[in-house]
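# Inside the fold
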Amino acid sequence: MSGKFITFEGPDGAGKDSVLDAIVPELRAQLGDKLVVTREPGGDPIAEQIRDVILDPQNTAMDDRTEALLYAASRRQHLQDVVEPALARGAVVLCDRFVDSSVAYQGAGRQIGEQAVFDLNQFATNGLQPDLTVYLDVPSEVGLARIEQHRKDTQYDRLDQEELTFHKRVRAAYQRLAKANPQRIVTIDATKPLNQVIDDVRSLLRHHVVTD
Ligand code: TYD
């Protein structure tokens, strides 16, 4: 594989979507069809159907391990259909969430176990790792307050309804992952004003995405 696989991670309310909204058009202008932007869960027709099942607010009876398996299944399909073909043709793949989300949300948030969820995902991904992971770090109180502000115009999803303690476990797991994988995961302080966060991400990507 000759392309570059870059993932974006962070707890809810870190501002990941706003940062991507700003960065993607700039990268598109530089890279054209050498850029593939995608997201998890979802990103292709089968994986999107799995996403709908996972995030349906009516599925309150979903078992935690079922949830982890569905995320892994959606990830597998998405890798096969979208990510691996794009990397094989040398594209830069920007993926909104990947295995770290499962380790943080299912492993730590749902308390299934970070190692168990990591192992499950090794099977799903056949060990594929991102070349770079941009981790937007924000305290849980700040992230949840931001979500609350946007409630009016966005839909609730099942995970956004979880309490502060869930989000704290998610953030702590992300911080552990960042500490354990310093060569892959770069932490960006997402408490800064959005423009500064965008600048930080922009300069990070400038170092990692080779343009002519
Ligand atoms: P989404 O609406 O895409 O939120 P965001 O913009 O924050 O990425 O919903 C994705 C939700 O799914 C989000 O709350 C995180 C969660 N998630 C997991 O719990 N495990 C995973 O493996 C992935 C990919 C996402």
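Refer to the structure printed above.
What you see is a predicted model; the values in this text were computed from it and never measured.

Conventions we followed
- Residues take numbers from 1 onward in each chain, read along the sequence in its written order.
- The model is predicted, so local features are restricted to residues of pLDDT at least 70 and side-chain atom pairs to those at 80 or more, both for listing and for counting; the totals for chains, interfaces and linings are taken over all residues.
- To obtain the side-chain values, all non-hydrogen atoms of the structure were used and water was disregarded.
- Secondary structure elements follow DSSP: runs of H or I of four or more residues count as helices, runs of E of two or more count as strands, with numbering from the N terminus.
- Only heavy atoms matter for contacts: two residues are in contact if any of them lie within 4.5 Å across the pair.
- Every axis in this analysis is a line fitted to C-alpha atoms, fitted for helices over the stretch in contact. Angles between the N-to-C directions lie between 0 and 180 degrees.
- Reported orientations rely on four angle classes, namely roughly parallel under 35 degrees, roughly antiparallel over 145, roughly perpendicular from 65 to 115, and oblique for the rest.
- A clockwise turn of the near helix away from the far one marks a right-handed crossing, whereas an anticlockwise turn of less than a right angle marks a left-handed crossing.
- Residues are grouped as follows: Ala, Val, Leu, Ile, Met, Phe, Trp, Tyr, Cys and Pro are nonpolar; Asp, Glu, Lys and Arg are charged; every other residue, Gly included, is polar.
- The pairing criterion is simple: DSSP has to find at least two bridges between the two strands.
- A cutoff of 4 Å decides nearness: a residue is near a molecule or strand if any of its heavy atoms lies inside that distance of it.
- Polar contacts, as used here, are pairs of N or O atoms within 3.5 Å; protein pairs need one atom able to donate a hydrogen and one able to accept it. Residues neighboring in sequence count only if both atoms are side-chain atoms.
- Computed by Shrake-Rupley with a 1.4 Å probe, the accessible areas treat only the displayed protein chains as cover when residues are assessed.
- As used in this record, nonpolar core signifies buried Ala, Val, Leu, Ile, Met, Phe, Trp, Tyr and Cys residues forming a set joined through side-chain atoms within 4.5 Å.
- Exposure classes here rest on a 1.4 Å probe applied to the protein chains alone. A residue is buried below 20% of its type maximum, exposed above 50%, and partly exposed in between.
- Counted as salt bridges are all cases of a side-chain nitrogen of Lys or Arg within 4 Å of a carboxyl oxygen of Asp or Glu.

## A short note on the side chain of Lys-16
One can find Lys-16 in helix α1 (residues 16-31). Leave out the neighbours within four places in its chain, and Lys-16 touches Phe-8, Glu-9, Gly-10, Asp-96, Arg-97 and Leu-136.

## What about the packing of helix α3 (residues 64-88) against helix α5 (residues 114-125)?
Any two packed helices are characterised by how steeply their axes cross, that is the angle between the axes, and by the distance between the axes. Interhelical geometry of α3 versus α5 gives an angle of 25 degrees and a closest axis separation of 9 Å. Classed by the angle they form, the pair α3 and α5 counts as roughly parallel. Crossing geometry of α3 relative to α5 is assigned as right-handed. On the side of α3, the interface is formed by Ala-68, Leu-69, Ala-72, Arg-75, Arg-76 and Leu-79, while α5 contributes Leu-120, Asn-121, Ala-124 and Thr-125. When grouped by side-chain class, the residues that make up the contact of α3 with α5 number 6 nonpolar, 2 polar and 2 charged.

## Observations regarding the sheet that holds strand β3 (residues 92-96)
Within a sheet, each strand pairs with its neighbour through backbone hydrogen bonds, oriented either parallel or antiparallel. Spatially, 5 strands are ordered β2-β3-β1-β4-β5 in an open sheet, and the strand pairing comes out parallel. Each edge of the open sheet is held by one strand with a lone partner, namely β2 (35-39) and β5 (185-189). Strand-to-strand, the axes of this sheet are offset by a mean angle of 20 degrees, without reference to chain direction. Strand direction decides the pairing type here: strand β1 (residues 4-9) and β3, joined by 5 bridges, are parallel. For Phe-8, the partnering residue across the bridge sits in β3 and is Asp-96. Here helix α7 (residues 164-180) sits on the sheet in contact with β1, β4 (132-137) and β5, set at roughly 140 degrees to β4.

## Remarks on the site of the ligand
Close to the ligand lie 16 residues; Arg-75, Arg-97, Ser-102, Tyr-105 and Gln-106 are nearest. Between an oxygen atom of the ligand and a side-chain N or O atom of Tyr-71, the distance comes to 3.0 Å. Residue Gln-106 places a side-chain N or O atom 2.8 Å away from a nitrogen atom belonging to the ligand. Relative to its free-state accessible area of 540 Å², the ligand is covered by the protein chains to the extent of 90%. Take the shell around the ligand: its biggest share by element is 4 residues, from helix α4 (residues 99-109).

## Digging into the environment of Gln-175
When you line up the elements, Gln-175 lands in helix α7. Spatially, the C-alpha atom of Gln-175 lies 8.5 Å from that of Thr-187, the residues being 12 residues apart in sequence. Setting aside residues no more than four positions away along its own chain, Gln-175 makes contact with Tyr-135 and Asp-137.

## Considering the nonpolar core
Counting residues in hydrophobic clusters, the biggest one holds 28 residues, and the most contacted among them are Phe-5, Val-83, Val-93 and Tyr-174. Among all residues touching Val-83, those that are not within four sequence positions of it are Phe-5, His-78, Val-93 and Leu-128. Among the nonpolar cores identified, the runner-up in size contains 24 residues, and Ala-14, Val-19, Leu-27 and Leu-94 belong to it.

## As for the pattern of salt bridges
The tally for this structure, following the rule as stated, stands at 13 salt bridges. Taken together, the shared-partner salt bridges connect Lys-16, Asp-17 and Asp-96 into one network.

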